[in-house]
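# Structural features, examined
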Amino acid sequence: MMAMKISFFILCLLILGGHAYAEDIANVTEPSNYVDTDPSALVCKVWAEGFQYNRGDVVSYQGKSYICLQSHFAYKGAGWNPVATPALWQPGGNCSGPTPSPRPTPRPTPAPTPRPSPTPTPAPGQGSGQIVRGVYVTFYGFDDNDDGNGNYGNAVISDPVIHRIATEDLGTFDHPSTFATDKRVAQPGTLVYIPKLRKYYIMEDTCRECTADRNRGRIHIDPFMGGNTRLQGQPLINCEEALTADPFTDVVVFNPGNDWPVQTQPLFRNGVCNSRTFPVPFEFGNLLDWIME
């Protein structure tokens, strides 16, 4: 249920705190140049960046009302407005009650850090997808998974969606692997694509370190690797560490398209680590052009 490593380094982290993922928590302000014109939208909350939106929420934007299709956080500067992100919003919906749009409450800004802040942008090209740069991608497996009660050596997950237990699976769109994170980053069932691995993952588990990082305004996800029926020993831990890059340097695409290139070879099987990764520049133009090369 709770993905955690039991290497010496991670045990030290556990003594200090836990596991996590995150959002940009910079201060936000209400748009000052917007006027509603659609009567059905006048009683809706005006869409603005810096807020969590849940499936079924109705907002107004540029004089029209929109229904939220997928729960998400609208990161400041990401440009995930209802017009630009049809995967997240669709026109329609009625708002009840003349509730004025609340003024965003400034969030506390954490102490300055030299690490780059996550920078989500809409994925260009085919289909949907939001590119998030500056993500911390770690890994967990059967040996260092906690069932939520401090018991290690299991594949229990907190939020099963398509798997009963944590599963590496094929890593395709139809058969994604399990990943863990904080629920404020991604709700259970959320799909992501990790370009450096060329694999799809589905959110089915929580992660203490991901939550700790989320509380600090950072994004952290923890994909599952290896078998899910028995202990695999130090080779599994070594593989997890070999595939973990520097903190907050990875690129992840949330709500990706359904036919992107996939590497179906397991990351870890029968004691063998597949540590091959595909280099991904931190800044790039068209993601799909790059991965289709």
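In the block above lies the structure referred to throughout.
One structure accompanies this document, and this report is about it. (Residues numbered from 1 in each chain as written. Predicted model: local features only at pLDDT ≥ 70, side-chain atom pairs only at ≥ 80, totals over all residues. Heavy atoms only, no water.)

### Some remarks on the nonpolar core
If you look at soluble globular proteins, the nonpolar side chains tend to sit buried side by side. Condition: As used in this record, nonpolar core signifies buried Ala, Val, Leu, Ile, Met, Phe, Trp, Tyr and Cys residues forming a set joined through side-chain atoms within 4.5 Å. Each residue gets one of three labels from its accessible area relative to the maximum for its type: buried under 20%, exposed over 50%, partly exposed in between, using a 1.4 Å probe on protein chains only. Numbered from the N terminus, helices here are DSSP runs of H or I no shorter than four residues, and strands are runs of E no shorter than two. Whether two residues are in contact is decided by their heavy atoms, any of which lying within 4.5 Å being enough.
Core analysis: the largest hydrophobic core is formed by 34 residues, its most contacted members being Trp-89, Ile-221, Met-225 and Val-252. Contributions of two or more residues to this core are made by strand 5 (58-61), strand 6 (64-68), strand 10 (130-137), strand 13 (191-194), strand 14 (199-205), helix 3 (234-243) and strand 16 (250-254). For Met-225, the residues in contact, after removing those within four places along its chain, are Phe-139, Tyr-140, Gly-141, Glu-168, Leu-236, Cys-239, Glu-240, Leu-243, Leu-267 and Phe-268. In this structure, Phe-142, Ala-155, Ile-157 and Ala-166 belong to the second largest nonpolar core, which totals nine residues.

### Structural notes on the environment of Gly-129
Relative to the helices and strands, Gly-129 resides in the loop between strand 9 (119-122) and strand 10. In sequence terms Gly-129 and Phe-254 are 125 residues apart; their C-alpha atoms lie 5.5 Å from each other.

### Brief notes about the packing of aromatic side chains
Heads up, the condition is: In summary, the pairing rule links any two rings of Phe, Tyr or Trp, Trp by its six-membered ring, whose centres are within 6.5 Å, and it sorts them by plane angle into stacked for under 30 degrees, edge-to-face for over 60 and tilted for everything else. Two limits define a charge over a ring: the Lys NZ or Arg CZ must be within 6 Å of the ring centre, and within 35 degrees of the ring normal.
For the structure on display, the rule yields eight aromatic pairs. Between Tyr-53 and Trp-89, the ring centres sit 5.3 Å apart and the planes meet at 75°, which makes this aromatic pair edge-to-face. In this pair, Tyr-53 is assigned in strand 4 (residues 52-53) and Trp-89 in strand 8 (residues 89-91), connecting sequence segments 36 residues apart. The burial state of Tyr-53 is the same as that of Trp-89; both residues are buried. For the pair Tyr-140 and Phe-224, a centre-to-centre distance of 5.3 Å together with 80° between the ring planes defines the contact as edge-to-face. Here Tyr-140, found in the loop between strand 10 and strand 11 (145-146), pairs with Phe-224, found in the loop between strand 15 (220-223) and helix 3; they are 84 residues apart in sequence, far enough to count as distant. Put simply, the rings of Phe-173, Tyr-193, Tyr-200 and Trp-260 pair up and form one aromatic cluster. Positioned over the ring face of Phe-51 is Lys-45, at 5.5 Å from the centre of the ring. Here the guanidinium or amino end of Arg-198 rests over the ring plane of Phe-278, the centre of that ring lying 4.1 Å away.

### Looking at helix 3
The α-helix winds at 3.6 residues per turn, so residues separated by three or four positions along the chain end up facing the same way. Here is the rule we go by: Relevant arc is that of directions from the helix axis to the C-beta atoms, nothing else.
Those residues of helix 3 lying buried are Leu-236, Ile-237, Cys-239, Glu-240 and Leu-243. An end-on view of helix 3 places all buried positions within 160° of arc, on one side of the element. In the core, the buried residues of helix 3 are packed alongside strand 17 (268-269) and strand 18 (272-273).

### A look at the side chain of Asp-144
What counts here: Whenever a nitrogen or oxygen atom comes within 3.5 Å of another N or O atom, the pair is scored as a polar contact, on the condition that within protein one atom can donate a hydrogen and the other can accept it, and that pairs from neighbouring residues in sequence are kept only if both atoms are in side chains.
Residue placement: Asp-144 occurs in the loop between strand 10 and strand 11. For Asp-144, a relative accessible area of 0% gives the class buried. A distance of 2.8 Å separates a polar side-chain atom of Asp-144 from the backbone nitrogen of Gly-141.

### What about the environment of Leu-88?
With respect to the element layout, Leu-88 can be found in the loop between strand 7 (72-73) and strand 8. A sequence separation of 20 residues divides Leu-88 from Cys-68, and the C-alpha atoms of the two residues are 5.9 Å apart. When near neighbours in sequence (up to four residues on either side) are disregarded, Leu-88 contacts Ile-67, Cys-68, Leu-69, Gln-70, His-72, Trp-80, Gln-130 and Asn-255.

### So, the environment of Pro-91
Among the secondary structure elements, Pro-91 is positioned in strand 8. The sequence separation of Pro-91 and Ile-67 amounts to 24 residues, and the corresponding C-alpha distance is 6.2 Å.

### Section: the pairing of strand 12 (residues 177-180)
Two faces belong to every sheet, and in a regular strand the side chains alternate between them. Convention followed: Pairing between two strands is assigned when DSSP locates at least 2 bridges connecting them.
Of the two faces of strand 12, the one carrying Ser-177 and Phe-179 and the one carrying Thr-178 and Ala-180 are both buried. Relative to strand 14, strand 12 runs parallel, the two being bridged by four bridges. Across the sheet, Ala-180 pairs through a bridge with Asp-205, a residue of strand 14. Relative to strand 15, strand 12 runs antiparallel, the two sharing two bridges. Bridge pairing in strand 15 places Ala-180 opposite Asp-222.

### Quick look at the state of the cysteines
So the rule is basically this: Count a disulfide wherever a pair of cysteine sulfur atoms falls within 2.5 Å.
Across all of its chains, the model carries two disulfides by this definition. For Cys-207, the disulfide goes to Cys-210, at an S-S distance of 2.2 Å. With the S-S bond torsion at 75°, the cross-link from Cys-207 to Cys-210 turns out right-handed. The exposure classification of Cys-207 matches that of Cys-210, with both residues buried. Each sulfur of the disulfide joining Cys-239 and Cys-273 lies 2.0 Å from the other. As the torsion about the S-S bond is roughly 70°, the Cys-239-Cys-273 disulfide counts as right-handed. Placement of Cys-239 in helix 3 and of Cys-273 in strand 18 is noted, with a sequence separation of 34 residues between them.

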